[in-house]
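# A look at the structure
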Amino acid sequence: MIKAIPIRLVRPGMWFHRLGGDGTHPVFVRHSFLLTAQEVDVLRRGGVEDILIDTARGLDCPDWPPPDSPADAHAIDAQDASDDFNQPPAAPASDAPGANAPSDAAPEPAAGEDFAAAAAPTESIADGADQASGMQTPAARRSQRTIEAELRSAQKLCFAAKEKMVELFGEARMGRAVSPSAVEPLVEEISASVIRHPDALISVARLKRHDDYTYLHSVAVCALMIALARQLRLPDAQVREAGIGGMLHDIGKAAMPLQVLNKPGALTDDEYRIMKAHPVRGYEMLKEGGGASAAALEIALHHHEKFDGSGYPHGLAGEDIDLLSRMGAVCDVYDAISSNRPYKKAWSPAESVRRMAAWKGHFDPQVFNAFVKSIGIYPVGALVRLQSEHLAVVTEQNESSLLTPRVRIFYNARKREPVFMREIDLAAPSCADRIAGIESPEVWNFPQLEKLWMPG
């Protein structure tokens, strides 16, 4: 029988099923093992209040439950007590970080070359910067809401936004007019979420299924555009335009053949030529619908242009590309490569940033550096190796330093075994640990890494 007992009654020889409660207090990532005296001591010192034991596989606790409580009051259904992290992950084939990285990996940027500028203060590149909304203080930006609460709110907001985009794309496919006013209330909500906690909605929107991709991609790009616009200290009106343009940037895909749009595999050359028409079609649809601003039209038309002139549809280069379109190019690519697709596994957030930094000529350097600041060199959800040889997942950015986020340690890379989860602030004066590099969740066999930072 599985039953919960208080930590004071835990003894060596009991079978540890999992942590009690919601399982989110510091706990072994693995479960189902026989407790030793040392492990009992670690549990007690870690502040654990109760655990679930399996009396069929280890010692029982005859003193619990108390005689005056119902016999089944502390019994737990075994299926309900299951955990997704039920086995320690397999070790990678090589100890070297990124040893099993894809063969087409971009070269590692030289230390300091691509991210040094990102560590410097961002200057506004907007006209009339003295009227910009500016960057709020951490307290004002985050308000009174914790990152956990904002993540839960972001999950609900993403669902509502996806439903709205499904409706909007459906109407566009039927030839009905597309009006930006239809998404304005959602953009306001997304903007409010980004102001409270920039990391939350961006991280949630990245976790999308194939059949949700087109719709949640629009939501993610909207949030990324708002965060980037604020980082660049654009005026409030331009921040709003960036959000609306991000939400509608791919509306032209509604005019693409569904068998091409939803193809579960890489496109042929002919299919790719068809898809390359979506920016022009999106521009035409927004123009015909009326009500779209010049900024929204520009983003829809030119978010696939590249800074070196090798993009499409018009091969524009440099500042001939509108600022918001240059921003859209960065946000669009980041969400695309950090999302799972039927024909390609997502790169981790940190790996995506690293790869983009190596693609010379694709992006406006000033815009890209601001983008890195807005999401962090190690974005929320990134798997990192610390100098202490622990693996950790990034849980929250530190606004004072891109290199020292808050992380949740859960695995000893040297011993290749789970450890009690604990959260540390790498920016704290008392913390001597630092990030040594990024790691691949696939190489380490962590298929559900989001469960370590996403609220259940």
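The rules behind each value
Starting from 1, residues in each chain are numbered consecutively following that chain's sequence as written. Totals for whole chains, interfaces and linings use all residues, but because this is a predicted model, local features are given only for residues with pLDDT of at least 70 and pairs of side-chain atoms are given and counted only at 80 or more. Only hydrogens and water are set aside; all other atoms, that is, all heavy atoms of the structure, feed into the side-chain values. Runs of H or I in DSSP of at least four residues are treated as helices and runs of E of at least two as strands, each being numbered from the N terminus. Classification of residues uses two cut-offs on accessible area relative to the type maximum, computed with a 1.4 Å probe and protein chains only: under 20% is buried, over 50% is exposed, and between them is partly exposed. Residues count as neighbours in contact if any of their non-hydrogen atoms are within 4.5 Å of one another. Here the Shrake-Rupley method, with its probe set to 1.4 Å, supplies the accessible areas, and only the displayed protein chains count as covering residues. By this definition, two strands are paired if DSSP reports at least two bridges between them. Axes, fitted as lines to C-alpha atoms, cover a helix only where it is in contact. Angles between the N-to-C directions of the axes lie from 0 to 180 degrees. We define a nonpolar core as any set of buried Ala, Val, Leu, Ile, Met, Phe, Trp, Tyr and Cys residues linked to one another through side-chain atoms lying within 4.5 Å. The score called pLDDT rates the predictor's confidence residue by residue, from a low of 0 to a high of 100. Stacked, tilted and edge-to-face are the three classes applied to pairs of Phe, Tyr and Trp rings, where Trp contributes its six-membered ring and a pair requires centres within 6.5 Å; stacked means planes under 30 degrees apart, edge-to-face means over 60, and tilted covers the rest. Residue count minus one, scaled by 1.5 Å, sets the expected span of a helix. Two cysteine sulfurs form what is called a disulfide whenever their separation falls within 2.5 Å. Salt bridge, as applied in this entry: a Lys or Arg side-chain nitrogen positioned within 4 Å of an Asp or Glu carboxyl oxygen. For this classification, under 35 degrees means roughly parallel, over 145 means roughly antiparallel, 65 to 115 means roughly perpendicular, and everything else is oblique. By the definition used in this description, the sense in which the near helix is turned from the far one sets the handedness, with an anticlockwise turn below a right angle giving left-handed and a clockwise turn giving right-handed. Basically, the charged four are Asp, Glu, Lys and Arg, the nonpolar ten are Ala, Val, Leu, Ile, Met, Phe, Trp, Tyr, Cys and Pro, and anything else, Gly included, counts as polar.

Summing up its helical and strand segments, the protein chain has 14 helices and ten strands in all. For the protein chain, with 456 residues in total, the buried portion stands at 51%. Restricting the contact set of the protein chain to residue pairs at least 6 apart, pairs at least 24 apart contribute 70%. Taken as a whole, the protein chain presents about 20,500 Å² of accessible surface, with 50% of it coming from carbon and sulfur.

Ordered by their spatial adjacency, five strands build an open sheet running β9-β8-β7-β6-β10, and the pairing between neighbours is antiparallel. A single partner strand is all that each edge strand has here, and the edge strands are β9 (417–425) and β10 (435–438). For this sheet, the mean angle separating the axes of adjacent strands, direction not counted, is 30°. The sheet contact formed by strand β6 (residues 383–386) and β10 spans three bridges and is antiparallel. Opposite Leu386, over in β10, you have Ile435 as the bridge partner.

Burial runs high along strand β8 (residues 406–412): six of the seven residues are buried. Here strand β7 (residues 390–396) pairs with β8 via six bridges, running antiparallel. Considered in β8, the bridge of Leu391 is made with Tyr411. Note that β8 and β9 share six bridges and pair antiparallel.

Here we take up the nonpolar core. With 99 residues, the main nonpolar core has Ile190, Val219, Met247, Met327, Leu386 and Phe410 as its most contacted residues. The element best represented in this core is helix α6 (residues 213–231), accounting for 13 residues. Grouped together as the second largest cluster of nonpolar side chains are 17 residues, Leu19, Leu35, Val48 and Ile53 included.

On to the confidence of the model for the protein chain, then. Per-residue confidence for the protein chain gives a mean pLDDT of 81; residues scoring 70 or more make up 79%. Throughout residues 76–116 the model reports pLDDT below 50, and contacts reaching past four residues in sequence, or to other chains, amount to 72 contacts. For residues 126–144, every residue scores under 50 in pLDDT, and the model assigns this stretch 37 contacts once sequence neighbours within four places are set aside.

Enumeration over the complete set of coordinates arrives at nine aromatic pairs. Ring plane angle 90° and centroid distance 5.5 Å describe the contact between Phe169 and Tyr215, whose orientation is recorded as edge-to-face. One end of the pair, Phe169, is in helix α3 (residues 147–173); the other, Tyr215, is in helix α6, with 46 residues separating them in the sequence. With respect to burial, Phe169 and Tyr215 carry one shared label: buried. Taken together, a centroid distance of 5.0 Å and an interplanar angle of 70° make the contact between Phe410 and Phe446 edge-to-face.

Look at α3: 37 Å from first C-alpha to last across 27 residues, which is about the 39 Å you get at 1.5 Å a residue. Restricting attention to buried positions, one finds in α3 the residues Ile147, Glu150, Leu151, Ala154, Leu157, Cys158, Ala161, Lys162, Met165, Leu168, Phe169 and Ala172. Buried residues belonging to α3 abut α4 (184–196), α5 (198–206), α6, α7 (236–248), α10 (278–289) and β7. Downstream of α3 by one or two residues, Gly175 has phi in the positive range, about 85°.

The next point concerns the state of the cysteines. A covalent bond between the sulfur atoms of two cysteines is what we call a disulfide. Under the definition given, this model contains zero disulfides. Summary of cysteine pairing: Cys222 is not part of a disulfide, and the nearest cysteine sulfur, belonging to Cys331, is at 10.0 Å.

Before going further, it helps to examine the pattern of salt bridges. Per the stated rule, a full pass over the model turns up 19 salt bridges. The shortest N-O distance in the salt bridge between Arg196 and Glu150 comes to 2.7 Å. Here Arg196, found in helix α4, pairs with Glu150, found in helix α3; they are 46 residues apart in sequence, far enough to count as distant. Overall, Glu150 belongs to the buried group, its relative accessible area being 0%. With its nearest N and O atoms 2.6 Å apart, the salt bridge here joins Asp364 to Arg326. Taken together, the residues span a long stretch of sequence, with Asp364 in the loop between α13 (349–358) and α14 (365–375) and Arg326 in helix α12 (residues 323–337) at a distance of 38 residues. We classify Asp364 as buried; its relative accessible area is 7%. Accessibility expressed as a relative area gives 12% for Arg326, which makes it buried. Each of the salt bridges in this network shares a partner with another, and the network as a whole consists of Arg406, Arg408, Glu423 and Asp425.

With that settled, consider the packing of α7 against α12. The N-to-C vectors of α7 and α12 enclose an angle of 45°; their axes lie 11 Å apart at closest approach. Compared by their axis directions, α7 and α12 come out oblique. Remark: the crossing between α7 and α12 carries right-handed chirality. Across the interface between the two elements, Gln238, Glu241 and Ala242 from α7 touch Leu323, Leu324 and Met327 from α12. Residue composition of the contact of α7 with α12, grouped by class: four nonpolar, one polar and one charged.

This part takes up the environment of Met1. Tracing the chain through its elements places Met1 in the segment before β1 (2–6). We classify Met1 as partly exposed; its relative accessible area is 48%. Each C-alpha atom, one on Met1 and one on Thr55, is 5.4 Å from the other, the two residues being 54 residues apart in sequence.

With that settled, consider the pairing of strand β2 (residues 15–19). Burial analysis of β2 places five of its five residues in the buried class, which makes it a mostly covered element. Bridge count between β2 and strand β3 (residues 33–34): two bridges; the pairing is antiparallel. Its bridge partner lying in β3, Trp15 is registered against Leu34. Of the pairings in the sheet, the one linking β2 to strand β4 (residues 50–54) comprises three bridges and is antiparallel in character.

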